[in-house]
Amino acid sequence: MTSGSSAAPHVHRRSWGFAAMLASLSMLGPFAVDMYLPAFPAIGAELGVSAIALQQTLSVYMFAYAFMMLWHGALSDSLGRRPIVIGGLVVFALGTLGCAIAGNIESLWLSRVLQGLSAGSGLVVGRAIIRDRFHGAEAQRMMSQMTLVFGIGPAVAPVAGGVLLNLLGWRSIFWAMLAWTVAMIAVCVRSLPETLAAAHRHPLRPGALWRNYRAVLGRPAFGLLALLPALNFCGFFLYISSAPAFLVGLLGVSTWGFAWLFMPMIFGIMTGAYLSGRLAGRVSPMLTIRIGYSLLALAASANLLVCHFLPPFVAWNVLPIFVFTIGSSLIMPSVTLLLLDLFPTMRGMTSSLQGFVQFALGAVVAGSVSPLLARSLTSLAWGMAAFAAGSFGAWLAYQRRAHGSLKEWSP
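To start, this report covers the structure provided alongside it. Throughout this description, residue numbers start from 1 for each chain and increase along the sequence as written. In keeping with the predicted nature of the model, local features appear solely for residues at pLDDT of at least 70, side-chain atom pairs appear and are counted solely at 80 or more, and the whole-chain, interface and lining totals rest on all residues. As a rule here, side-chain values come from all non-hydrogen atoms in the structure, and water together with hydrogens is ignored.

Below, the discussion takes up the overall build of the protein. Secondary structure summary: the protein contains 19 helices and 0 strands in total. For the protein, the proportion of its 411 residues judged to be buried stands at 60%. By the convention used here, residues are in contact when the closest approach between their heavy atoms is within 4.5 Å. Here the contacts in the protein between residues at least 6 apart in sequence split such that 87% fall between residues at least 24 apart. Using a 1.4 Å probe, the Shrake-Rupley method yields the accessible areas, and only the shown protein chains count as cover for residues. If you sum the accessible surface of the protein, you get close to 15,500 Å²; carbon and sulfur atoms cover 71% of it. Per the convention used, a helix needs a DSSP run of H or I reaching at least four residues, while a strand needs a run of E reaching at least two, with both numbered from the N terminus. Summary of the burial criterion: residues with accessible area below 20% of their type's maximum are buried, those above 50% are exposed, and those between are partly exposed, where the area comes from a 1.4 Å probe applied to protein chains only.

This is the structure:
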């Protein structure tokens, strides 16, 4: 049992409600990305700005999200898990209110920065809470359950965004997001436990923080493991950030039809998470990861073949993305546990740095790679294949470095 396991004994170890609460916290980030994508043309028309300026509302959010990933975990290691989560929700609510009432693109950029600075607290601290309380196959199951419940939100977000856009206008998207955030604040004040005992907290001193960051970043195994989920994420986030161009421009889908991409994608994430949870304790985590990479290779190859040899059509252009997300979601829980176990006394900081790597790359994809590749289906497919190949290369490099310790490791 890990250090904080004695806290809040009233929460049952196998509680889906606990996983649902943590997953709901981590949904804020994807909600803030996915829900307003269908509204890009409407926002641009009302504020009188170009598509590039609108794309930057996504980029500034992602950069702020990635930057603050460096601090959520370290702050929770020092001040406790609960205050960081609740404080993050309050700041996110303020940023969301700013988006809802923004009168120009500059106000929208600033409010999106506030959202980005706070949205990741639930994801980062939620992972640390799971590792504080659970170990063995149960930890993998809880991580998988969190991913499974987490998948519901991003599936609903763009569909709900499209409905709200067409019925009530683009501002209603942010009002709905604000209502969700206020509800989560109430739930967390009432039910979120503190899982890090005061005796196990780190002092919040710049010198100590710098030494801890240097210890984590200076270990090559961290860099390789952090790249795996980051590159896998970018393989399908490329399509999320390109959704208006991919669906509307290249496949001819209306703003009501964003579910054609997001429902299969998120169903794939949930399927992979479910399979990972079912396999926990039955097969080795290494075999689960190998199965995941086989699915990534299958999806990337099929995507290239479809784009090169078949005319554009929603069903077969989206199917490889669905398979890709299953593979990515199979890999994620085991790799995350491997990563957190590199530094058992600094799991919050380690989770922060993992999130920073993932979302910093995501910000580059949203701001630079996506606009470049979204001009054709084929270039998007090559982008997915490149990210999958890079992830597999990092996994092979990690295995060569940690071959002996991998034989002995179990979650």
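Of the two site types, the cavity is a set of points on a 1 Å grid over the protein atoms alone where a 1.4 Å probe fits but cannot get out, and the pocket is an open set with protein on both sides within 12 Å along at least five of seven lines, each lined by residues with an atom within 4 Å of a point. Grid points are joined across faces, edges and corners, and a volume is the space filled by probe spheres set on the points. Quantified by volume, the largest pocket comes out at close to 280 Å³. For the largest pocket, the lining is made up of 13 residues, of which Phe40, Ala51, Gln55, Pro244 and Ala245 are closest to its centre. Those elements that provide at least two residues to the lining of the largest pocket are helix H3 (40–47), helix H4 (51–79), helix H13 (243–250) and helix H17 (347–373). When residues of the lining of the largest pocket are assigned to their parent elements, the largest contribution, 4 residues, is made by H4. Amino acids are sorted into nonpolar (Ala, Val, Leu, Ile, Met, Phe, Trp, Tyr, Cys and Pro), charged (Asp, Glu, Lys and Arg) and polar (every other residue, Gly among them). A per-class count over the lining of the largest pocket returns 9 nonpolar, 4 polar and no charged.

What follows deals with the side chain of Ser379. Among the structural elements, Ser379 can be located in helix H18 (residues 377–401). For Ser379, a relative accessible area of 18% corresponds to the buried category. A polar contact of 2.4 Å, which involves the side chain of Ser379, links it to the backbone oxygen of Leu373. Polar contacts, as used here, are pairs of N or O atoms within 3.5 Å; protein pairs need one atom able to donate a hydrogen and one able to accept it. Residues neighboring in sequence count only if both atoms are side-chain atoms.

The geometry of helix H5 (residues 81–101) relative to helix H6 (residues 105–119) is characterised by a closest axis approach of 8 Å and an angle of 160° between their N-to-C directions. It follows from the interaxial angle that H5 and H6 lie roughly antiparallel. When the axes of H5 and H6 are compared, the crossing they make is left-handed. Each of Gly88, Val91, Phe92, Gly95, Thr96, Gly98 and Cys99 in H5 lies in contact with H6, whose residues at this interface are Leu108, Ser111, Arg112, Leu114, Gln115, Ser118 and Ala119. Looking at the contact of H5 with H6 residue by residue, the classes come out as 6 nonpolar, 7 polar and 1 charged. Orientation is described by axes fitted as lines to C-alpha atoms, over the contacting stretch for helices, and by angles from 0 to 180 degrees between their N-to-C directions. In this scheme, roughly parallel covers angles under 35 degrees and roughly antiparallel covers those over 145, while 65 to 115 is roughly perpendicular and the rest are oblique. Left-handed describes a crossing in which the near helix is turned anticlockwise from the far one by less than a right angle; the clockwise case is right-handed.

Before going further, it helps to examine the side chain of Thr288. Looking at the secondary structure, you find Thr288 in helix H15 (residues 285–309). Its relative accessible area of 0% is what places Thr288 among the buried residues. Contacts of Thr288, omitting those with residues within four sequence positions, involve Leu279, Val283 and Leu330.

For H3, the complete set of buried residues consists of Phe40, Ile43, Gly44 and Leu47. Down the axis of H3, the smallest arc covering the buried residues is 100°, so these residues share one side. What points out from H3, more than 90 degrees from its buried face, is the exposed set Pro41 and Ala45. Directions from the helix axis toward the C-beta atoms define the arc.

Next up on the list: the environment of Ala360. Tracing the backbone shows Ala360 in helix H17. When the C-alpha atoms of Ala360 and Ser59 are compared, they prove to be 9.8 Å apart, with 301 residues separating the residues in sequence.

Each aromatic pair joins two rings of Phe, Tyr and Trp (for Trp, the six-membered one) with centres within 6.5 Å, and gets the label stacked for planes under 30 degrees apart, edge-to-face for over 60, and tilted for any other angle. For the coordinates displayed, the defined rule picks out 12 aromatic pairs. Between the aromatic rings of Phe267 and Phe322, the centroid separation amounts to 5.9 Å while the plane-to-plane angle is 5°, which identifies the pairing as stacked. With Phe267 in helix H14 (residues 259–279) and Phe322 in helix H16 (residues 314–340), this residue pair connects regions lying 55 residues apart in the sequence. Three or more aromatic residues joined by ring pairs form one cluster here, namely Tyr36, Phe40, Trp170 and Phe174. Only when the NZ atom of a Lys or the CZ atom of an Arg is both within 6 Å of the ring centre and within 35 degrees of the ring normal do we say a charge sits over the ring. Over the face of the ring belonging to Tyr36 we find Arg112, whose NZ or CZ atom lies 4.3 Å from the ring centre.

It is worth spelling out the pattern of salt bridges at this point. Any Lys or Arg side-chain nitrogen found within 4 Å of a carboxyl oxygen on Asp or Glu counts as a salt bridge. This model, assessed by the stated rule, comprises 1 salt bridge. In this structure, Arg171 and Glu46 form a salt bridge, with 2.8 Å as the shortest nitrogen-oxygen distance. Here Arg171, found in helix H10 (residues 171–191), pairs with Glu46, found in helix H3; they are 125 residues apart in sequence, far enough to count as distant.

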